[in-house]
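These are the residues of each chain, in order.
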Amino acid sequence: MRVRPKQFGRIMAGVLAMLTLMLAVRASAEDSAAAAQNQIRVALEKWKLDFNAGDGSQVCALFAPDLISDFRGQPEDTYNSLCANLQMALSDPNKTYQYDLEIKEILVSGDLAVVRLVWTLTLRPKSGGAEQVTREPGMDIFRRQADGSWKISRYMAYESPGAT
């Protein structure tokens, strides 16, 4: 079979159009993943600021209603039990809590994202005395919600050995 010059030109134009479309789709997916990573990073930083400000009305906003969480040595938490625990900590008359955040990695695939991170918790007695600092490495699984926001649906964390 012999290809005529006009046919060859049409074939090449079709191939170039397909390659251009494939590159555009890939670039769009990369932009979408980068946007999701940024939204997740902002949500985590906002949670840290809300928690450290003692804003009990906002500390549950990061978590999805279907949340299941595991923290070493503790019973499995749901959205309701975790929120109750967070609000109880914030209203503790004897201690203040402060979190610092280190995000190690955010991987996004479609409507799911995995975040490797380390929370550092500083607990200070309000009456004075020694503060306690614990590092809590963990992995959060975010799910894009119907409204487009990203919320933690599952997480696992533990205290690093050698906490003070």
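For the structure itself, consult the block above.
Let us look at the structure shown here. (Residues numbered from 1 in each chain as written. Predicted model: local features only at pLDDT ≥ 70, side-chain atom pairs only at ≥ 80, totals over all residues. Heavy atoms only, no water.)

Okay, the sheet that holds strand β1 (residues 63-71) next. One key point about sheets: their strands pair by backbone hydrogen bonds, in either a parallel or an antiparallel sense. Spatial strand order, β2-β1-β6-β5-β4-β3: 6 strands in an open sheet with mixed pairing. Strands with a single pairing partner mark the edges of an open sheet, and in this sheet they are β2 (77-78) and β3 (95-109). Here 12 bridges tie strand β4 (residues 112-125) to strand β5 (residues 132-144), and the two strands are oriented antiparallel to one another. Bridging across to β5, T120 finds its partner in R135. (Pairing = 2+ DSSP bridges. Helix = DSSP H or I, 4+ residues; strand = E, 2+ residues; numbered from the N terminus.)

The next subject is the environment of D92. Its location among the elements puts D92 in the loop between α2 (79-90) and β3. The spatial distance from the C-alpha of D92 to the C-alpha of K126 is 9.6 Å, given a sequence separation of 34 residues. With sequence-adjacent residues up to four places away left out, D92 is seen in contact with Y97 and K126. A distance of 2.7 Å separates the side chain of D92 from the backbone nitrogen of N94, its partner in a polar contact. Within polar-contact distance, the side chain of D92 engages the backbone nitrogen of K95 at 3.4 Å. (Contact = heavy atoms within 4.5 Å. Polar contact = N/O pair within 3.5 Å; in protein donor to acceptor, adjacent residues only side chain to side chain.)

If you look at the biggest cluster of nonpolar residues, it comprises 27 residues, and the most contacted ones within it are I40, L44, W47, F63, V115 and F142. Taken together, the elements giving at least two residues each to this core come down to α1 (5-52), β1, α2, β3, β4 and β6 (150-157). Those residues in contact with I40 that sit more than four places away from it in its chain are I106, A113, V115, F142 and W150. (Core = buried A, V, L, I, M, F, W, Y, C linked by side-chain atoms within 4.5 Å. Buried < 20%, exposed > 50% of the residue type's maximum accessible area, 1.4 Å probe, protein only.)

Right, let's get into the state of the cysteines. Following the criterion strictly, the structure yields 1 disulfide and no others. Covalently, C60 is tied to C83 through a disulfide, its sulfur atoms 2.2 Å apart. Taken as a pair, C60 in the loop between α1 and β1 and C83 in helix α2 lie far apart in primary sequence, 23 residues in all. Summarising the burial analysis for this pair, C60 and C83 share the class buried. (Disulfide = S-S within 2.5 Å.)

This next bit is on the side chain of K48. Looking at the element boundaries, K48 is found in helix α1. Among the residues examined, K48 registers a relative accessible area of 16% and is labelled buried.

Looking now at the pattern of salt bridges. Tallied over the full model, the rule gives 10 salt bridges. The structure contains a network of salt bridges with shared partners spanning D66, R143 and R154. (Salt bridge = Lys/Arg side-chain N within 4 Å of Asp/Glu carboxyl O.)

Remember that the coordinates give geometry; whether it matters functionally is a separate question.
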